[in-house]
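Fold and geometry: a report
Spelled out, the chains give:
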Amino acid sequence: MPIVIRASGEAKDMTLDEPAAFVDDARKAGVPGNRNVRAEVSYSGKIKEVEIVLSEVDD
């Protein structure tokens, strides 16, 4: 199962500060800048949640 950093908006959708904090957390965890980010968006295109894989862990 992968270990991930995940962030979601406190309200329904994310503010600019929330993805900025997510990126800061990922950088502090040593995630390289070329790592892919997964995002869940609403039907209106607003970001609801983002996540990035830190590492894979074998069960």
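Right above here is the structure, for reference.
Description of the structure in this document. (Residues numbered from 1 in each chain as written. Predicted model: local features only at pLDDT ≥ 70, side-chain atom pairs only at ≥ 80, totals over all residues. Heavy atoms only, no water.)

Regarding its fold elements, the protein chain presents one helix and three strands. Mapped in sequence order, the helices and strands of the protein chain form the string β-α-β-β. For the protein chain, the C-alpha atoms occupy an extent of roughly 35 × 25 × 20 Å along the three principal directions. Taken across its 59 residues, the protein chain has 24% of its residues classed as buried. Sequence-distant contacts, at least 24 apart, represent 58% of the contacts inside the protein chain between residues at least 6 apart. Taken as a whole, the protein chain presents about 4600 Å² of accessible surface, with 52% of it coming from carbon and sulfur. Averaged over its 8 positive side-chain charges, the protein chain has a centre that lies 5 Å from the centre of its 12 negative ones. (Helix = DSSP H or I, 4+ residues; strand = E, 2+ residues; numbered from the N terminus. Buried < 20%, exposed > 50% of the residue type's maximum accessible area, 1.4 Å probe, protein only. Contact = heavy atoms within 4.5 Å. Areas by Shrake-Rupley, 256 points an atom, 1.4 Å probe, with all protein chains shown as cover. Lys, Arg positive; Asp, Glu negative; His and termini not counted. Charge placed at Lys NZ, Arg CZ, Asp CG, Glu CD.)

Right, let's get into the environment of T15. Mapped onto the secondary structure, T15 falls in the loop between β1 (2-8) and α1 (17-28). For T15, a relative accessible area of 44% corresponds to the partly exposed category. C-alpha separation for the pair T15 and E49, spaced 34 residues apart in sequence, amounts to 11 Å.

In this section: the pattern of salt bridges. This model, assessed by the stated rule, comprises seven salt bridges. A salt bridge links R38 to E51, with the nearest nitrogen and oxygen atoms 3.3 Å apart. Highlighted residues: R38 in strand β2 (residues 38-41) and E51 in strand β3 (residues 47-56), separated in sequence by 13 residues. On the basis of relative accessible area, R38 is assigned to the partly exposed category, the value being 37%. Linked by salt bridges that have partners in common, R6, R38, E49 and E51 make up one network. (Salt bridge = Lys/Arg side-chain N within 4 Å of Asp/Glu carboxyl O.)

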